[in-house]
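Chain by chain, the residues run as shown.
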Amino acid sequence: MRLFQRLVFASGILFLIILGLSFTTVPYYAYHWLGTSLSEVKEKPAYIVMLGGGGMPSESNLMRAWFVVDAALQFPESKVIISIPGNLNDSLSTPKRVATDLIKRGISKDRILFEQHGTNTRWQALNLRLFHGRLLTQKPLLIVTSPEHTRRSVLCFQKAGFTRVNALPAFENTLEADLSFDDDKLGGNQLPIPNIGKSKSFRYQFWNHLKYEILIARELAALGYYKLRGWI
């Protein structure tokens with residue numbers, strides 16, 4: 001019983017710490033570090049590798065596809081590899097839908113290749129070492145993935161033998177408009193609580209930072225597991 005009480009107490013303390021950190025900039029900078037610490041683009045890529053993050057459409061894949069298009073237009077001689085598991089004979093499969101989206105936005109079909117077997121970052125890296133009969137470990141790559149996944153991706157590809165790894169984290173842009181409003185001018189019920197219309201930190205920052213903390217916790221756990229397995 002005493003052990004259970006201690007666990008409950010420790011959980012409560014941890015919960016309060018998590019809530020407290022959400023009101024600071026620590027989660028943002030930790031998330032930003034995961035995305036930028038190893039994401040330099042040092043040279044023109046021979047291959048732009050999109051690591052899949054979900055179905056299509058989904059927030060993660062649409063974001064990554066947008067950055068892939070931007071990079072592919074900037075480096076027109078590069079090939080684009082869509083590394084997402086799926087059936088290439090099915091036009092509605094996720095990798096084929098991603099390809100369709102890229103083509104619609106100006107990327108030639110002839111530039112697009114598929115790696116459709118890897119179901120985690122380690123497997124994807126291993127599959128891409130010898131790809132379509134070409135040894136990619138000595139080729140300059142540009143990995144496009146979510147910000148929290150960027151550091152692990154670079155380390156994983158380097159561990160698999162790739163020597164020229166660059167990365168492009170798919171950060172979302174913030175809305176430039178001022179989202180403040182006056183609660184009382186919008187009518188509705190009057191409540192005995194402070195108005196929140198001008199408190200963007202409570203309406204957005206607090207909740208975004210909670211989301212970042214979950215992403216960071218998951219990614220730190222993945223980094224630890226990959227390190228123990230010798231994959232990074």
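Our subject is the structure listed above.
Counting starts from 1 at the beginning of each chain's written sequence and moves along it residue by residue. Residue-level local features of this predicted model are given only where pLDDT is at least 70; pairs of side-chain atoms are given and counted only at 80 or more, and the full residue set underlies all totals for whole chains, interfaces and linings. Only hydrogens and water are set aside; all other atoms, that is, all heavy atoms of the structure, feed into the side-chain values.

### Here's the deal with the overall build of the chain
Here is step 1 of the chain: Here a helix means four or more residues in a row that DSSP labels H or I, a strand means two or more in a row labelled E, and each is numbered from the N terminus. Within the chain, the regular secondary structure consists of seven helices and seven strands.
Here is step 2 of the chain: Each helix and strand of the chain, placed in order from N terminus to C terminus, yields the pattern α-α-β-α-β-α-β-α-β-β-β-α-β-α.
Here is step 3 of the chain: Taken along its principal axes, the extent of the C-alpha atoms in the chain is 70 × 50 × 35 Å.
Here is step 4 of the chain: Across the 232 residues that make up the chain, the buried fraction comes to 38%.
Here is step 5 of the chain: What makes two residues a contact is simply this: any of their non-hydrogen atoms within 4.5 Å. Considering only residue pairs separated by 6 or more positions, the chain has 71% of its internal contacts joining residues 24 or more positions apart.
Here is step 6 of the chain: For the accessible areas, the method is Shrake-Rupley and the probe is 1.4 Å, while residue cover comes only from the protein chains on display. Total accessible area on the chain stands at roughly 13900 Å², and carbon and sulfur atoms take up 59% of it.
Here is step 7 of the chain: Only four residue types enter the charge count: Lys and Arg as positive, Asp and Glu as negative, with His and the chain ends excluded. Charge coordinates come from a single atom per side chain, which is NZ of Lys, CZ of Arg, CG of Asp or CD of Glu. Considering the chain, the positive charge centre built from 28 side chains and the negative charge centre built from 18 side chains are found 10 Å apart. When accessible area is computed with a 1.4 Å probe and restricted to protein chains, residues below 20% of their type maximum are described as buried, those above 50% as exposed, and intermediate ones as partly exposed.

### As for helix α6 (residues 147-159)
Within an α-helix, residues lying three or four positions from one another point in the same direction, as the helix has 3.6 residues per turn.
Here is step 1 of the chain: Every buried residue belonging to α6 is among Pro-147, Glu-148, His-149, Thr-150, Arg-152, Ser-153, Val-154, Cys-156 and Phe-157, and all of these are buried.
Here is step 2 of the chain: Elements in contact with the buried residues of α6: α2 (26-36), β1 (47-51), α5 (121-129), β6 (141-145), β7 (165-169) and α7 (200-229).
Here is step 3 of the chain: In the stretch just after α6, Gly-161 is the one whose phi turns positive, near 110°.

### Re the pattern of salt bridges
Here is step 1 of the chain: Every case where a carboxyl oxygen of Asp or Glu lies within 4 Å of a side-chain nitrogen of Lys or Arg is listed as a salt bridge. Across all of its chains, the model carries three salt bridges by this definition.
Here is step 2 of the chain: One salt bridge connects Arg-164 with Glu-43, and the closest N-O pair in it is separated by 2.7 Å. Taken together, the positions of Arg-164 in the loop between α6 and β7 and Glu-43 in the loop between α2 and β1 put the pair 121 residues apart, joining distant regions of the chain.
Here is step 3 of the chain: Glu-43 gets classed as partly exposed once you look at its relative accessible area, which sits at 27%.

### Quick notes on the packing of α6 against α7
Here is step 1 of the chain: For helices, the fitted line uses only the C-alpha atoms of the stretch in contact; every axis is such a line through C-alpha atoms, and the angle between N-to-C directions lies from 0 to 180 degrees. In contact at an axis separation of 9 Å, α6 and α7 are set at 15° when each is read in the N-to-C sense. For the element pair α6 / α7, the angle class is roughly parallel. Regarding α6 and α7, the two cross each other, and that crossing is left-handed. Between α6 and α7, the residues in contact are Glu-148, His-149, Arg-152 and Cys-156 and Leu-215, Arg-218, Glu-219, Ala-222, Leu-223 and Tyr-226, respectively.
Here is step 2 of the chain: Counted by class, the contact of α6 with α7 contains five nonpolar, one polar and four charged residues. Working rule for angles: under 35 degrees goes down as roughly parallel, over 145 as roughly antiparallel, 65 to 115 as roughly perpendicular, anything else as oblique. For a crossing to be left-handed, the near helix must be turned anticlockwise from the far one by less than a right angle; the clockwise case is right-handed. Each residue gets one label: Ala, Val, Leu, Ile, Met, Phe, Trp, Tyr, Cys and Pro are nonpolar, Asp, Glu, Lys and Arg are charged, and the others, such as Gly, are polar.

### Comments concerning the packing of aromatic side chains
Here is step 1 of the chain: Under the pairing criterion, centres of Phe, Tyr and Trp rings, with the six-membered ring standing for Trp, must be within 6.5 Å; the plane angle then separates stacked pairs below 30 degrees from edge-to-face pairs above 60, leaving the rest tilted. The final tally for this structure, using the stated rule, is nine aromatic pairs.
Here is step 2 of the chain: Measuring from ring centre to ring centre gives 5.2 Å for Tyr-28 and Tyr-29, while their planes differ by 75°; the resulting arrangement is edge-to-face.
Here is step 3 of the chain: Between Trp-66 and Phe-67, the aromatic rings sit 5.3 Å apart at their centres with planes inclined by 70°, giving edge-to-face as the arrangement.
Here is step 4 of the chain: In this structure Trp-66 comes out as partly exposed when scored by relative accessible area, which is 46%.
Here is step 5 of the chain: An aromatic cluster of three or more residues is present, and its members are Phe-23, Phe-206 and Trp-207.
Here is step 6 of the chain: When the ring centre of Tyr-226 is taken as reference, the NZ or CZ atom of Arg-152 above it lies at 4.8 Å. Here, a charge over a ring means that NZ of Lys or CZ of Arg falls within 6 Å of the ring centre while also lying within 35 degrees of the ring normal.

### Some details on the sheet that holds β1
Here is step 1 of the chain: Within the open sheet, the five strands sit side by side as β3-β2-β1-β6-β7. Their pairing is parallel. With partners counted over all chains shown, the strands left at the sheet margins are β3 (112-115) and β7, one partner each. The sheet shows a mean angle of 25° between the axes of neighbouring strands, direction not considered.
Here is step 2 of the chain: A pair of strands is labelled paired if DSSP reports no fewer than 2 bridges between them. In the sheet, strand β2 (residues 79-83) pairs with β3 via four bridges, with the strands oriented parallel. Considered in β3, the bridge of Val-80 is made with Ile-112.
Here is step 3 of the chain: Packing against the sheet, helix α3 (residues 59-74) makes contact with β1, β2, β6 and β7, and its axis sits at approximately 175° to β1.

### Observations concerning the pairing of β3
Here is step 1 of the chain: Of the two faces of β3, both are covered, the one formed by Ile-112 and Phe-114 as well as the one formed by Leu-113 and Glu-115.
Here is step 2 of the chain: Here a crossover is taken to be right-handed if, once the strands point away from the viewer, the path from the first strand over the helix to the second is traced clockwise. Between the parallel elements β2 and β3, the chain passes through helix α4 (residues 94-104) in a crossover that is right-handed.

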